[in-house]
Structure formats: structure tokens, C-alpha cells
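Each chain, letter by letter, is given below.
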Amino acid sequence: LLQGLPVLFKQWLKNEEVEEGRTAMLVCELTKPDAHVEWRKGDTVLQTSDKYEIRQEGTRVELLIYDAEARDA
């Protein structure tokens, strides 16, 4: 039985700076489309909410952080 190749990052996350109160966007690109991705802050798995939006289209995955503040670092 052949196992599929692992999902890898084609584009790693980069540090982003954003003014407080603005929207921060983190983007990564994977080697396989529609792979399961979890966004985390420490041990907490982030979920779509008023604060966070998670988008995934093909190999591109985005995390938007609305109304960014220092504690979102």
C-alpha cells in the first residue's frame, strides 16, 4: 500500500506588522490543495469568529485577524 506524499509548505509564514485596530493577514501555501490546516496561538486552536477568519482555496491558506492588538502577537 503506497502512502501519499506528506503535505509541505511551498511558502512559509512571514512576520507581518500591522497598526492596532487594522486587519492582519497571515498567508501560507501548501504542496497539496485542500489539506487540513489548524491555526494556533500557543496551545489554542483558532476558530472562525468575529476576531478571526480562516480562508482556504486550493493550496493557499489565510488567517485574517480583525481589529489587531498587541496581545495578538
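Summary of the structure given here. In this text the structure is predicted, and so the values were computed from the model without any measurement. (Residues numbered from 1 in each chain as written. Predicted model: local features only at pLDDT ≥ 70, side-chain atom pairs only at ≥ 80, totals over all residues. Heavy atoms only, no water.)

1. Quick notes on the overall build of the protein chain
Piece 1. In terms of regular secondary structure, the protein chain is built from 0 helices and 6 strands.
Piece 2. For the protein chain, the N- to C-terminal ordering of α and β elements is β-β-β-β-β-β.
Piece 3. Taken along its principal axes, the extent of the C-alpha atoms in the protein chain is 50 × 20 × 20 Å.
Piece 4. Across the 73 residues in the protein chain, those meeting the buried criterion constitute 22%.
Piece 5. A fraction of 45% describes how many contacts in the protein chain between residues 6 or more apart in sequence connect residues 24 or more apart.
Piece 6. For the protein chain, the accessible area works out to roughly 6,000 Å², and carbon and sulfur atoms hold 49% of it.
Piece 7. Put simply, the protein chain has 10 plus and 15 minus side-chain charges, and the middle of one group is 4 Å from the middle of the other. (Helix = DSSP H or I, 4+ residues; strand = E, 2+ residues; numbered from the N terminus. Buried < 20%, exposed > 50% of the residue type's maximum accessible area, 1.4 Å probe, protein only. Contact = heavy atoms within 4.5 Å. Areas by Shrake-Rupley, 256 points an atom, 1.4 Å probe, with all protein chains shown as cover. Lys, Arg positive; Asp, Glu negative; His and termini not counted. Charge placed at Lys NZ, Arg CZ, Asp CG, Glu CD.)

2. Overview of the side chain of Glu-62
Piece 1. On the secondary structure map, Glu-62 appears in strand 6 (residues 60–65).
Piece 2. According to the relative accessible area criterion, Glu-62 is buried, its value standing at 11%.
Piece 3. Engagement of the side chain of Glu-62 in a polar contact is seen with the side chain of Arg-60, the distance being 2.7 Å.
Piece 4. Contact partners of Glu-62, with chain neighbours within four places excluded, come to Met-25, Leu-26, Val-27, Trp-39, Glu-53, Ile-54 and Arg-55. (Polar contact = N/O pair within 3.5 Å; in protein donor to acceptor, adjacent residues only side chain to side chain.)

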